[in-house]
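For reference, the chains in residue letters:
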Amino acid sequence: MLELYSFRFSAMGTACNLHLYAPNHSEAGKIAEAAMSEVFRIEQRYSRYRPDSFLSTINETAARGGTIELDEETAALLDYAYACHKKSEGLFDVTAGVLRNAWDFSSGRLPEQRDIDRLLPLVGMDKLRWDRPSLAFPVPGMELDFGGIGKEYAADRAAAICSAHGIEHGLVDLGGDICVIGPHPDSEPWRIEICHPRDAASFMATVYLARGCIASSGDYERFMEVDGRRYCHILDPRTGWPVRGLSSVSVLSDQCLVAGSVSTIAMLKGENGMQWLKELGIQHLCMDERGKVEGTSPFLPLD
């Protein structure tokens, strides 16, 4: 007889949950510990906030304009980032994190244009020299930021570990990046509610998933309002200014990594994001800045 066991923990700056069906708490706990350990490992390797992370080592090399060899895992992540860069026509750029040095969303003050202009020459994956396994930074002062794919990659890995340990019914939730391993034992899907970007107390839609992944991106996670206009943390690498057009994007995929990157690219495309998602043919739900909602099954109907 399987019972549902839930485990809460904090990682990557957010609240996380594992919901696993197992024969007993002891077995569920061992599997949860293995999954959490993998999430912590990925955080340790790719957090820009940890001076001992491998990403910090990469960025020390980038700061002086040197060359560094990447291991297979990091190389695969960079390869994926390049694929997203190409798919987005340059909008998805893991070198754009340097722009955060001009933005302080807790200050309520906009940066000076000259401060943004000073950083823009350090942005652009086209400036890197990537010849596996060697990554070179010809322009000193650049840096990498895997914030757009790290948490989603960790969700996929945690779900894979749970599955490898025999979990057939469960859900991994890393701050809203969700992987459904399998339905409840009675074959009922999991109920997942999509937050409303303008009302934290309500939801845009409810999705029922038996398996698969969902990730969301929006202008409600970190932002400031100045003179009645919202400025979010998602920055256009071409201008250094926050994107506009969409308030929220949620995407379904077989991989959380794909769902997360696609939702971010849609946000970066602004007013063209909805049409791009339609052409891509991926299941999605969007709200634009005017409150217009568009989506595909299973997000519809939206009541």
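Heads up: these notes are all about the structure in this document. (Residues numbered from 1 in each chain as written. Predicted model: local features only at pLDDT ≥ 70, side-chain atom pairs only at ≥ 80, totals over all residues. Heavy atoms only, no water.)

When helices and strands are tallied, the chain shows seven helices and 15 strands. Over its C-alpha atoms the chain spans a radius of gyration of 20 Å, differing by no more than 12% from the 19 Å that the globule rule assigns to 303 residues. A buried classification covers 53% of the 303 residues belonging to the chain. By sequence separation, contacts in the chain at least 24 residues apart represent 58% of the contacts at least 6 residues apart. Accessible surface, the chain: about 14100 Å² in total, of which carbon and sulfur atoms supply 48%. Charge separation in the chain, taken as the distance between the mean sites of 30 positive and 43 negative side-chain charges, equals 4 Å. (Helix = DSSP H or I, 4+ residues; strand = E, 2+ residues; numbered from the N terminus. Rg over C-alpha atoms; globule rule 2.2 N^0.38 Å. Buried < 20%, exposed > 50% of the residue type's maximum accessible area, 1.4 Å probe, protein only. Contact = heavy atoms within 4.5 Å. Areas by Shrake-Rupley, 256 points an atom, 1.4 Å probe, with all protein chains shown as cover. Lys, Arg positive; Asp, Glu negative; His and termini not counted. Charge placed at Lys NZ, Arg CZ, Asp CG, Glu CD.)

The next point concerns the sheet that holds strand β3 (residues 67-69). Judged by pairing direction, the sheet is antiparallel, and its three strands sit side by side in the order β3-β5-β4 without closing on themselves. Edge positions in the sheet fall to β3 and β4 (129-131), since each has one partner strand and no second. Each adjacent strand pair in this sheet contributes to an overall mean axis angle of 15 degrees, direction not counted. With three bridges joining them, β4 and strand β5 (residues 134-136) adopt antiparallel strand pairing. Looking at β5, one finds that R129 is bridged to A136. (Pairing = 2+ DSSP bridges. Axes fitted to C-alpha atoms, helices over the stretch in contact; angles between N-to-C directions.)

Quick look at the pattern of salt bridges now. Counting across every chain of the model gives 23 salt bridges. One salt bridge in this structure joins K151 and D177, with 2.6 Å as the shortest N-O distance. Of the two residues, K151 is situated in helix α5 (residues 150-164) and D177 in strand β7 (residues 177-182); the sequence distance between them amounts to 26 residues. R191 serves as the salt-bridge partner of E193, at 3.0 Å between the closest nitrogen and oxygen. Here E193 falls in the partly exposed class, since its relative accessible area comes to 34%. Overlapping salt bridges, with partners in common, bring together E38, R41, R45, D71, E73 and R157 in one network. (Salt bridge = Lys/Arg side-chain N within 4 Å of Asp/Glu carboxyl O.)

Moving on, we get to the packing of helix α1 (residues 25-46) against α5. Between two packed helices, both the angle of their axes relative to each other and the distance between the axes serve to describe the pair. Interhelical geometry of α1 versus α5 gives an angle of 155 degrees and a closest axis separation of 9 Å. With respect to each other, α1 and α5 are oriented roughly antiparallel. Where α1 crosses over α5, the handedness of that crossing is right-handed. Between α1 and α5, the contacting residues are I31, A34, A35, E38, V39, R41 and I42 on the first element and G150, Y153, A154, R157, A158, I161 and C162 on the second. Here the residues of the contact of α1 with α5 sort into 10 nonpolar, one polar and three charged. (Parallel < 35°, antiparallel > 145°, perpendicular 65-115°, else oblique. Left-handed = near helix turned anticlockwise from the far one by under 90°. Nonpolar A, V, L, I, M, F, W, Y, C, P; charged D, E, K, R; others polar.)

Mapped onto the elements of the fold, S250 is located in strand β13 (residues 246-253). At a separation of 2.6 Å, a polar atom in the side chain of S250 contacts the side chain of S216. Residues within four places of S250 in sequence aside, it is in contact with I194, A215, S216, Q283, H284, L285 and F299. (Polar contact = N/O pair within 3.5 Å; in protein donor to acceptor, adjacent residues only side chain to side chain.)

This part is about helix α6 (residues 256-268). Its 13 residues place the ends of α6 18 Å apart at the C-alpha level, agreeing with the 18 Å of an ideal helix rising 1.5 Å per residue. Across the 13 residues of α6, 12 count as buried, placing the element largely inside the fold. Among the residues making up α6, those that are buried are C256, L257, A259, G260, S261, V262, S263, T264, I265, A266, M267 and L268. The inward-facing, buried residues of α6 contact α3 (72-87), α5, β7, β10 (212-218), β13 and α7 (273-280). At the exit of α6 stands G270, carrying a positive phi of roughly 60 degrees. (Expected span 1.5 Å × (residues − 1).)

Take the sheet that holds strand β2 (residues 14-22) next. Judged by pairing direction, the sheet is antiparallel, and its eight strands sit side by side in the order β1-β2-β6-β7-β10-β13-β14-β15 without closing on themselves. A single partner strand is all that each edge strand has here, and the edge strands are β1 (3-11) and β15 (293-295). Direction aside, neighbouring strands of the sheet carry axes that sit 10 degrees apart on average. Two strands pair when backbone bridges link them, and β10 and β13 are joined in this way by six bridges, in the antiparallel orientation. Counterpart to I214 in the pairing with β13 is L252. Together, β2, β6 (170-174), β7 and β10 form the strand contacts of α5, whose direction differs from that of β7 by roughly 20 degrees. Each of β13, β14 (284-288) and β15 is contacted by α7, which is oriented at about 165 degrees to β14, the strand it contacts most.

Counting residues in hydrophobic clusters, the biggest one holds 85 residues, and the most contacted among them are L18, L144 and L277. With residues up to four places along the chain from it excluded, the contact list for L144 reads L55, I58, N59, V94, T95, L128, L135 and F137. (Core = buried A, V, L, I, M, F, W, Y, C linked by side-chain atoms within 4.5 Å.)

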